[in-house]
Amino acid sequence: MNAAKKIRQLLDQSEEPEQVEVLLQMVAGLQLGQPFDLRRLCGIEQSYFELGMALLKDWHADHHIAARSKLVESILARDHGLQQQLCHLDVSAG
């Protein structure tokens, strides 16, 4: 299973919300092209750290784009602040 899909499952399961939140913030930063402090990954459990690194690797190589899109959609459905940031970017680009 690819990293984006696994993170989406963790989001749906609501397990270890503090660990998952770090990964979600990393996803948001990647999607928005905003900085994310990678030191935050060092503060989470090893399995979540490895999942974050796998996501970075997939993102860098443009792998699993459909799974990444679904993950971003799931995050947007839960985070209205992020929705507003993305809407602002769409208006600026247009």
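For the structure, check the block above.
Residues numbered from 1 in each chain as written. Predicted model: local features only at pLDDT ≥ 70, side-chain atom pairs only at ≥ 80, totals over all residues. Heavy atoms only, no water.

**Some details on the overall build of the protein**
Moving on, step 1. Counting its secondary structure elements, the protein contains five helices and zero strands.
Moving on, step 2. Reading the protein from its N terminus to its C terminus gives the helix and strand order α-α-α-α-α.
Moving on, step 3. Here the protein holds 94 residues, and 36% of them are scored as buried.
Moving on, step 4. Looking at the protein alone, contacts between residues at least 24 apart form 66% of all its contacts between residues at least 6 apart. (Helix = DSSP H or I, 4+ residues; strand = E, 2+ residues; numbered from the N terminus. Buried < 20%, exposed > 50% of the residue type's maximum accessible area, 1.4 Å probe, protein only. Contact = heavy atoms within 4.5 Å.)

**Quick notes on a negative patch on the surface**
Moving on, step 1. A cluster of acidic residues, Glu15, Glu16, Glu18 and Glu45, forms a negative patch on the protein surface.
Moving on, step 2. Relative to the helices and strands, glutamate 45 is located in the loop between helix H2 (17-32) and helix H3 (46-60). (Patch = residues over 30% accessible without salt bridge, like charges linked within 9 Å, V, L, I, M, F, W, Y side chains within 5 Å. Areas by Shrake-Rupley, 256 points an atom, 1.4 Å probe, with all protein chains shown as cover. Salt bridge = Lys/Arg side-chain N within 4 Å of Asp/Glu carboxyl O. Lys, Arg positive; Asp, Glu negative; His and termini not counted. Charge placed at Lys NZ, Arg CZ, Asp CG, Glu CD.)

**Digging into helix H1 (residues 3-13)**
Moving on, step 1. Along H1, the residues classified as buried are Ala3, Ala4, Ile7, Leu10 and Leu11. For H1, the angular spread of the buried residues around the axis is 120°, confining them to a single face.
Moving on, step 2. Capping the start of H1, asparagine 2 holds a side-chain oxygen 3.2 Å from the backbone nitrogen of alanine 4, two or three residues further along.
Moving on, step 3. Backbone geometry just after H1 places serine 14 at a positive phi near 55°. (Arc of directions from axis to C-beta. Polar contact = N/O pair within 3.5 Å; in protein donor to acceptor, adjacent residues only side chain to side chain.)

**Considering the pattern of salt bridges**
Moving on, step 1. What the rule picks out here adds up to one salt bridge.
Moving on, step 2. We note a salt bridge from arginine 39 to aspartate 37, for which the minimum N-O separation is 2.9 Å.

**Describing the nonpolar core**
Moving on, step 1. Core analysis: the biggest nonpolar cluster contains 21 residues, and Ile7, Leu23, Leu24, Val27, Leu41, Leu55 and Leu71 have the highest contact counts within it.
Moving on, step 2. For this core, the secondary-structure elements that each account for two or more residues are H1, H2, H3 and helix H4 (65-78).
Moving on, step 3. No other element matches the six residues that H2 contributes to this core.
Moving on, step 4. Ignoring sequence-local partners within four residues, the contact set of leucine 41 consists of Val22, Leu23, Met26, Phe36, Phe49 and Met53. (Core = buried A, V, L, I, M, F, W, Y, C linked by side-chain atoms within 4.5 Å.)

**Describing the side chain of asparagine 2**
Moving on, step 1. Positionally, asparagine 2 belongs in the segment before H1.
Moving on, step 2. Look at asparagine 2 and you get buried, because its relative accessible area is 16%.
Moving on, step 3. Separated by 3.2 Å, the side chain of asparagine 2 and the backbone nitrogen of alanine 4 make a polar contact.

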